[in-house]
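Understanding the architecture of this molecule
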Amino acid sequence: MGKRSVGSRRAPPPAAPLMSPRDGLTLSSRLEYHGPVSAHCNLHLLVLSNSPASAPPVAGITGFHSCCPGRSAMAQYRLTATSTSCVQAILLPKPPSSREHRYFSHFYIISVLWNGFLLWCLSQSLFLGAPFPSWLHGLLRILGAAQFQGGELALSAFLVLVFLWLHSIRRLFECLYVSVFSNVMIHVVQYCFGLVYYVLVGLTVLSQVPMDGRNAYVTGKNVLMQARWFHILGMMMFIWSSAHQYKCHVILGNLRKNKAGVVIHCNHRIPFGDWFEYVSSPNYLAELMIYVSMAVTFGFHNFTWWLVVTNVFFSQALSAFLSHQFYKSKFVSYPKHRKAFLPFLF
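Since this is a predicted model, take the numbers as computed values, not measurements.

Let us look at the overall build of the chain. Summing up its helical and strand segments, the chain has 9 helices and 4 strands in all. The linear arrangement of helices and strands in the chain, starting from the amino end, is β-β-α-α-α-α-α-α-β-β-α-α-α. Out of the 346 residues belonging to the chain, those deemed buried represent 44%. Of the contacts formed within the chain by residues at least 6 apart in sequence, a portion of 82% connects residues at least 24 apart. When the accessible surface of the chain is split by element, carbon and sulfur atoms take 65% of a total near 18200 Å².

Here you go:
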């Protein structure tokens, strides 16, 4: 492209921002002018991230500022249609990267498929008398399934496996359509742990089923006759906790969307509503309550599952504490009455 001089016969139109500075967008830009303007203008974006652990993509533009004030208006006015399109393609708000969204969805895809398979095998054994596959029965023997006898463990394990499968389906839906993740890479160790975790937790549930050879041992003619009050209580707790977790994820997702439901940034804001009025990370609290509801469904006294609950408690409590510290350091107006994880306590 040949050089073209910039004339001064006509007054250029005033520079207008490409996007309004509302919605807490924290992005500034600088348009440098080096002699004649061409399609290869020099752009420098100064992005201010809201979180030390994330680097959100370009969220918006508050206006143009030139290092040569006398030439700024002329520079913008003389941009060709091609160069303007290039500038807008770079500067207009873009949705966050789907990498993190894709990684988290992997965990729940594996969980839905694997735990759905385990649930199908258990259903076949409980209601149709079909034996477990020999390789699966061998895994359960290694995990100690043969040592459990009688009681209501068959129905309890069936219900907990149903809860786990439904929980995975809901979380997969939230990853795909509700949550908005920051544009960061997940560590390979965390990724591998997440994949293995949902495989092992399903086997842990199935290992609680009393076995009679390769078949599930059922006291009585109908497994549903084993129903007890703690099964009903556990089911109610599971539904209650799941509903609150979904509501909290919707609140968090909406903080990064406009009224039309379009993702506009990855910045952090103070969430309000539902359990956010009591703790900084109610979604982590709800996750703990979901696993506690499964412990209740097991009849309160299943030591193996309480070990799982203990692991969930410490992992979720640590994440909640770190989030709470970040909120307090980031926002001076953060509600002082909110706790990190447990209402009124911690």
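Attention shifts here to the pattern of salt bridges. Within the structure shown, the criterion is met by 3 salt bridges. One salt bridge connects Glu174 with Arg171, and the closest N-O pair in it is separated by 2.5 Å. Of this pair, Glu174 and Arg171 both sit in helix H5 (residues 153–177), separated by 3 residues, roughly a single helical turn. A single burial state applies to Glu174 and to Arg171, both of which are buried. Among the ionic contacts, a cluster of salt bridges with common partners joins Arg170, Arg171 and Glu174.

When the terminal C-alpha atoms of helix H6 (residues 188–206) are compared, their 28 Å separation across 19 residues agrees well with the 27 Å that a helix rising 1.5 Å per residue should span. Regarding H6, the residues found buried are Gly194, Tyr197, Tyr198, Val201, Gly202, Leu203, Thr204, Val205 and Leu206.

When pLDDT is averaged along the chain, the result is 75, and 68% of the positions lie at 70 or above. The least confident element of the chain, judged by mean pLDDT, is strand S2 (residues 42–47) at 31; the most confident is helix H8 (residues 282–297) at 97. Predicted confidence for residues 1–100 stays below pLDDT 50, and this span has 149 contacts to residues more than four positions away or in other chains.

For His324, the position within the fold is in helix H9 (residues 303–330). At a separation of 2.6 Å, a polar atom in the side chain of His324 contacts the side chain of Ser280. If sequence neighbours within four positions are ignored, His324 has contacts with Ser280, Tyr334, Arg338, Lys339 and Ala340.

Turning our eyes to something else, we now look at the nonpolar core. If you look at the biggest cluster of nonpolar residues, it comprises 64 residues, and the most contacted ones within it are Leu122, Leu206, Tyr291, Met294 and Trp305. Every element with two or more residues in this core is listed here: helix H3 (99–128), helix H4 (134–142), H5, H6, helix H7 (229–254), H8 and H9. Looking at which element gives the most residues to this core, the answer is H5, with 13 residues. Aside from chain neighbours lying at most four places away, what touches Tyr291 is Leu164, Tyr197, Trp305, Val308, Val309 and Val312.

Quick notes on the rules
- Residues numbered from 1 in each chain as written.
- Predicted model: local features only at pLDDT ≥ 70, side-chain atom pairs only at ≥ 80, totals over all residues.
- Heavy atoms only, no water.
- Helix = DSSP H or I, 4+ residues; strand = E, 2+ residues; numbered from the N terminus.
- Buried < 20%, exposed > 50% of the residue type's maximum accessible area, 1.4 Å probe, protein only.
- Contact = heavy atoms within 4.5 Å.
- Areas by Shrake-Rupley, 256 points an atom, 1.4 Å probe, with all protein chains shown as cover.
- Salt bridge = Lys/Arg side-chain N within 4 Å of Asp/Glu carboxyl O.
- Expected span 1.5 Å × (residues − 1).
- pLDDT = per-residue confidence, 0-100.
- Polar contact = N/O pair within 3.5 Å; in protein donor to acceptor, adjacent residues only side chain to side chain.
- Core = buried A, V, L, I, M, F, W, Y, C linked by side-chain atoms within 4.5 Å.

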